[in-house]
Amino acid sequence: MDRRTVLADAAIGVLADAGVRGLTHRAVDAAAGLPTGTTSAYLRTRQALLTALVRRLVELDQGELQGAGERAPVGSAEELVRGIGELIEQRLTGEGRRRSLARYACAVESVRDEELREILVPRENAGRAAVRAFLTERGVADPEARTTTLLACVDGLVFDRLVGGGGVRAEEIEGLVAAALR
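Rules behind the numbers
- Residues numbered from 1 in each chain as written.
- Predicted model: local features only at pLDDT ≥ 70, side-chain atom pairs only at ≥ 80, totals over all residues.
- Heavy atoms only, no water.
- Helix = DSSP H or I, 4+ residues; strand = E, 2+ residues; numbered from the N terminus.
- Axes fitted to C-alpha atoms, helices over the stretch in contact; angles between N-to-C directions.
- Left-handed = near helix turned anticlockwise from the far one by under 90°.
- Contact = heavy atoms within 4.5 Å.
- Nonpolar A, V, L, I, M, F, W, Y, C, P; charged D, E, K, R; others polar.
- Expected span 1.5 Å × (residues − 1).
- Buried < 20%, exposed > 50% of the residue type's maximum accessible area, 1.4 Å probe, protein only.
- Polar contact = N/O pair within 3.5 Å; in protein donor to acceptor, adjacent residues only side chain to side chain.
- Phe/Tyr/Trp six-rings, centres within 6.5 Å; stacked < 30°, edge-to-face > 60°.
- Core = buried A, V, L, I, M, F, W, Y, C linked by side-chain atoms within 4.5 Å.
- Parallel < 35°, antiparallel > 145°, perpendicular 65-115°, else oblique.

A. Layout of unusual backbone geometry. Backbone geometry at Asp142 places phi at a positive 50 degrees, although glycine is not the residue there. Looking at where Asp142 falls in the secondary structure, it is placed in the loop between helix 8 (126-137) and helix 9 (143-164).

Okay, here's the thing in structure tokens:
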């Protein structure tokens, strides 16, 4: 990995662990195991640090969603529920949890920062396309809007469990999928 990627990955971890106030150039240096001043040399300002962090976060998220969509075509509601459940599990545990915490912190920051907001805008990927294709094949009216709503609800479940703790039951996901199909 190049140095900027190493720093961006370290910044994601710092943001997840210490919050927005804890995200400093020094903290990123320490998390990356690099000499003090390294982050400042590569990402001079706080804005540059945040931008690099958000770009890396989106890159990692897009890779995850692309892989999920490519692994298994969605042939049934049960398969969609299972795929969403796996994604939620990834986002609530391990490095996925840290990325989720960083993602939501960046989302709040993006309210006041147009550049960050533009980077964070949901993008097309194989996961989104698989959900949309599944809904289209079932004759759902306005599958694009239903896809957006379903994925926003999934995102809401992830946020709720990050904040409140616990996991997501299959019945909850089944309810969301059933609502998208109505």
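What follows picks up the thread again.
B. Broad picture of the packing of helix 5 (residues 77-92) against helix 9. Relative to each other, helix 5 and helix 9 sit at 40 degrees, their axes nearing to 10 Å. Helix 5 and helix 9 meet at a crossing whose hand is right-handed. Mapping the contact onto sequence places Leu80, Ile84, Ile88, Arg91 and Leu92 in helix 5 and Leu150, Val154, Leu157, Val158, Arg161 and Leu162 in helix 9. Broken down by class, the residue content of the contact of helix 5 with helix 9 amounts to nine nonpolar, no polar and two charged.

C. How the structure looks around helix 8. The terminal C-alpha atoms of helix 8, which comprises 12 residues, lie 16 Å apart, in line with the 16 Å expected from a rise of 1.5 Å per residue. Along helix 8, the positions that sit buried rather than exposed are Ala126, Gly127, Arg128, Ala130, Val131, Arg132, Phe134 and Leu135. The elements touched by buried residues of helix 8 are helix 4 (46-71), helix 5, helix 9 and helix 10 (170-181). The distance from a side-chain oxygen at the start of helix 8 to the backbone nitrogen of Gly127 is 3.0 Å, and the residue carrying that oxygen is Asn125. Within two residues after helix 8, Gly139 carries a phi angle of roughly 75 degrees, on the positive side.

D. Here's a closer look at the packing of aromatic side chains. Under the definition given, this model contains one aromatic pair. Measuring from centroid to centroid gives 5.0 Å for Tyr104 and Phe159, while their planes differ by 75 degrees, and the two rings are edge-to-face. Here the residue Tyr104 occupies a position in helix 6 (residues 94-110), and Phe159 occupies one in helix 9, the gap between them amounting to 55 residues. Assessed through its relative accessible area of 40%, Phe159 is described here as partly exposed.

E. Quick look at the side chain of Thr51. Secondary-structure assignment places Thr51 in helix 4. Aside from chain neighbours lying at most four places away, what touches Thr51 is Glu115, Leu116 and Ile119.

F. The arrangement of the nonpolar core in detail. If you look at the biggest cluster of nonpolar residues, it comprises 22 residues, and the most contacted ones within it are Leu23, Val28, Leu53 and Val54. Of all elements in the fold, only helix 1 (3-22), helix 4, helix 6 and helix 7 (114-120) reach the threshold of two or more residues within this core. The greatest single-element share of this core, amounting to seven residues, is contributed by helix 4. Not counting chain neighbours up to four residues away, the residues in contact with Val54 comprise Cys106, Leu116, Ile119 and Leu120. Counting 20 residues, the second-largest nonpolar core is a separate cluster that includes Val74, Tyr104, Val140 and Leu162.

G. Highlighting the packing of helix 5 against helix 10. Running from N to C, helix 5 and helix 10 point in directions that differ by 125 degrees, and their axes come no closer than 9 Å. Classified by the interaxial angle, the pair formed by helix 5 and helix 10 is oblique. You can see that helix 5 and helix 10 cross each other, and the crossing is right-handed. The segment helix 5 lies against helix 10, with Ala77, Leu80, Val81, Ile84, Gly85 and Ile88 engaging Ala170, Ile173, Glu174, Val177 and Leu181. Per-class residue counts for the contact of helix 5 with helix 10 are nine nonpolar, one polar and one charged.

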